[in-house]
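# Topology and contacts: notes
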Amino acid sequence: MAQRRRRRVALGNNKGGVGKTGTTINLAASLAEAGRRVLVVDCDPQANASRRLGRPFRPDSPTVTASEVVRSGEPGAAADAIVPCDWEGVYALRIDVIPSRFDLENRISEAAVLGARQRLRRALEGVDDEYDVTLMDCPPSLGHLTQLVLAAADWGITLVEPEYDGVEGATRFRDFMVAPENLAELANPELEFLAAVPSMVDTRLGAHAHHLSTLPGIFGPDRVWEPIPARSVVKDAADSALPLSAMGSRATEARAAFDATAARLWKEITA
């Protein structure tokens, strides 16, 4: 039987607060609801994706996290860190997590070590082949931790809050990952920029409408996907560490937006 091709997607922006982590976990939920097995790799020391999926780091109950995985860098080391998400039902069956914790910040000091950028890629070797999608949540930086993710990823998606700083941060993320010299340094020449996804969009704001209109010229019309609207229910679900489905009918519009983005993602990476 032929081995399934891995599908690793990095989600990032050089600016924080643009909906990156919320999009990561809600895409995981939509993919799981569609029958896909998903691995979420939390590579942000803030560990917000881990907490929202019910896997916060607890000092009294230590677990293997992305920090230990990267520190090891041994082939297949990531297998020791995988845990199911703590949501109920289909999510527990289909979403697994490599959680993060603040100690991941310490891996930055190892950036100059020979081969350090490839540690996450080596650690994931053979580990995520049986997942349909691996979603990798980057910190709001272009530094070593994001470079670890991009060295391991097959595609990159940037989340774009349609405000000046959000667009600038998204552009920097895209430009970094497509620069030939960076791809050479990452030893990942096949890494592809997949899409810019407008996030936290409020069409009542003139500034948002303006910036949305500029995105096709910046990223290419075929690379700008449908916007994800800003809805308070997304924040409420995140604060409660619950899937949007637990929020009832008030989450219907938000769930539909994430479902559409997840369907587009699946179509693009399986084409």
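Conventions used here
Per chain, the residues get numbers from 1 upward, laid out in the order the sequence is written. It should be noted that, the model being predicted, local features are given only for residues of pLDDT at least 70 and side-chain atom pairs only at 80 or more, the latter also being counted only at that level, while totals for whole chains, interfaces and linings use all residues. As a convention, hydrogens and water are excluded, and side-chain values are obtained from all of the structure's heavy atoms. Here, axes are lines fitted to C-alpha atoms. For helices the fit covers the stretch in contact, and angles between N-to-C directions go from 0 to 180 degrees. Secondary structure is summarised from DSSP: a helix means a run of H or I of at least four residues, a strand means a run of E of at least two, and numbering begins at the N terminus for each. By the definition adopted for this analysis, an angle is roughly parallel if under 35 degrees, roughly antiparallel if over 145, roughly perpendicular if from 65 to 115, and oblique otherwise. Crossings are classed by handedness, with left-handed meaning an anticlockwise turn of the near helix from the far one by less than a right angle and right-handed meaning a clockwise turn. Residue contacts are counted whenever heavy atoms from the two residues lie within 4.5 Å of one another. Lys, Arg, Asp and Glu make up the charged group, whereas Ala, Val, Leu, Ile, Met, Phe, Trp, Tyr, Cys and Pro make up the nonpolar group; the residues left over, Gly among them, are polar. Only protein atoms enter the 1 Å grid, on which a cavity is a set of points fitting a 1.4 Å probe that cannot get out and a pocket is an open set with protein on both sides within 12 Å along at least 5 of 7 lines, lining residues being those with an atom within 4 Å of a point. Grid points are joined across faces, edges and corners, and a volume is the space filled by probe spheres set on the points.

A few words now on the packing of helix H7 (residues 164-178) against helix H9 (residues 206-219). Relative orientation and spacing of two packed helices are given, respectively, by the angle between their axes and the distance between those axes. Running from N to C, H7 and H9 point in directions that differ by 15°, and their axes come no closer than 11 Å. Taken as axis vectors, H7 and H9 run roughly parallel relative to one another. Between H7 and H9 lies a crossing whose hand is right-handed. Contact residues: Tyr164, Val167, Ala170, Thr171 and Arg174 in H7; His211, Leu215, Ile218 and Phe219 in H9. When its residues are assigned to classes, the contact of H7 with H9 shows 6 nonpolar, 2 polar and 1 charged.

Volume-wise, the largest pocket comes out at about 520 Å³. Per element, the largest residue contribution to the lining of the largest pocket is 5 residues, and it comes from helix H10 (residues 232-240). Its residues assigned to classes, the lining of the largest pocket shows 9 nonpolar, 10 polar and 7 charged. Space inside the second largest pocket adds up to approximately 180 Å³. Of the residues contributing to the lining of the second largest pocket, the split by class is 5 nonpolar, 5 polar and 2 charged.

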